[in-house]
Amino acid sequence: MNCLLCEQKLASTPSWQSLFAIETTSLICENCSKSFNRVDIKEEGDVVDQLTSIYTYNEAMREYLHQYKFLQDVALAGVFANELRGELARKDVIVVAIPMHPQKKVERTFSHVEEMLAAARIPFVDLLIKTNTEVMGEKTKEERLSMRNLFSIKPVSDIRKTTYILVDDIYTTGTTLRHAATVLKEAGARRVEAVTLIRAEK
């Protein structure tokens, strides 16, 4: 098997974990893995009660995201499965993927966040509807603050008084996560946390 990023042959070392499917086979080589900058940022907030970001947005991550999302290389969904599972494998929470607008999903052919969660074998629920196609990173702070909510709750969804964890690929301004957390809390969620694979520099 070759690395999905640089196409170099992967070194394979069998282990007893792999025999019982406990260990996930690496999809990228050691050199590519080392090119990503892990930071494990954790922040407390008011709307989003806790935010965790795993990696920074360096050049290697920019290239990965471009190949995965915009070149539609869905095989890359599992590259960070172990890292996501390490943050999300909790039994006392409900995981919610930040959804794409239906129009965007048609253009890109798959939901990149949902595919990453599926590759990591993390159960999640589909509770939110994205109501517009605007990109937060292209707006000024004033424009973001004046926006109506970006999400609504899907009809007949049962929002419990428990902890929900929102999952998105990249944190840029925080607007997307705050809007999603707001509608969940207004619908009855007790606590809303968030995990993003990437934290973009402000």
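Here is a short report on the structure shown in this document. Everything quoted here is computed from the prediction, not taken from an experiment.

1. Points about the sheet that holds strand β1 (residues 38–44)
- Across the sheet, which stays open at both edges, the 5 strands sit in the order β1-β2-β7-β6-β3 with mixed pairing between neighbours. In this open sheet, the two edge strands, each paired with only one partner strand, are β1 and β3 (93–97). Averaged over all pairs of adjacent strands, the angle between strand axes in this sheet comes to 20 degrees, irrespective of strand direction.
- Strand direction decides the pairing type here: β1 and strand β2 (residues 50–56), joined by 5 bridges, are antiparallel. Residue pairing for β2: R38 is matched across the bridge by Y55.
- Of the strands in this sheet, β2, β6 (163–171) and β7 (191–199) are in contact with helix α8 (residues 175–186), which crosses β6 at around 165 degrees.

2. With respect to the side chain of R85
- Note on placement: R85 falls in helix α4 (residues 81–88).
- Here N82 takes part through its side chain, which lies 2.7 Å from a polar atom of the side chain of R85.

3. With respect to the state of the cysteines
- All chains considered together, the criterion is met by 0 disulfides.
- Between C6, a free cysteine, and C29, which holds the nearest cysteine sulfur, the sulfur-to-sulfur gap is 3.6 Å.
- Of the residues examined, C6 reaches a relative accessible area of 32% and is grouped as partly exposed.

Analysis parameters
Here the residue index of a chain counts from 1 through its sequence in written order. For this predicted model, a pLDDT threshold of at least 70 governs which residues receive local features, and a threshold of 80 or more governs which side-chain atom pairs are given and counted, while totals over whole chains, interfaces and linings are taken from all residues. In computing side-chain values, all of the structure's heavy atoms are included and hydrogens and water are not. Any two strands with at least two DSSP-identified bridges between them are counted as paired. Strands here are runs of E lasting at least two residues and helices are runs of H or I lasting at least four, both read from the DSSP assignment and numbered beginning at the N terminus. What counts as an axis is a line fitted to C-alpha atoms, over the stretch in contact for a helix, and the angles between N-to-C directions run from 0 to 180 degrees. Any two residues whose heavy atoms approach within 4.5 Å at even a single point are treated as in contact. Polar contacts, as used here, are pairs of N or O atoms within 3.5 Å; protein pairs need one atom able to donate a hydrogen and one able to accept it. Residues neighboring in sequence count only if both atoms are side-chain atoms. For the purposes of this analysis, a disulfide is any pair of cysteine sulfur atoms at a distance within 2.5 Å. Exposed residues in this analysis have more than 50% of their type's maximum accessible area, buried residues have under 20%, and partly exposed residues fall in between, with area computed by a 1.4 Å probe over protein chains only.

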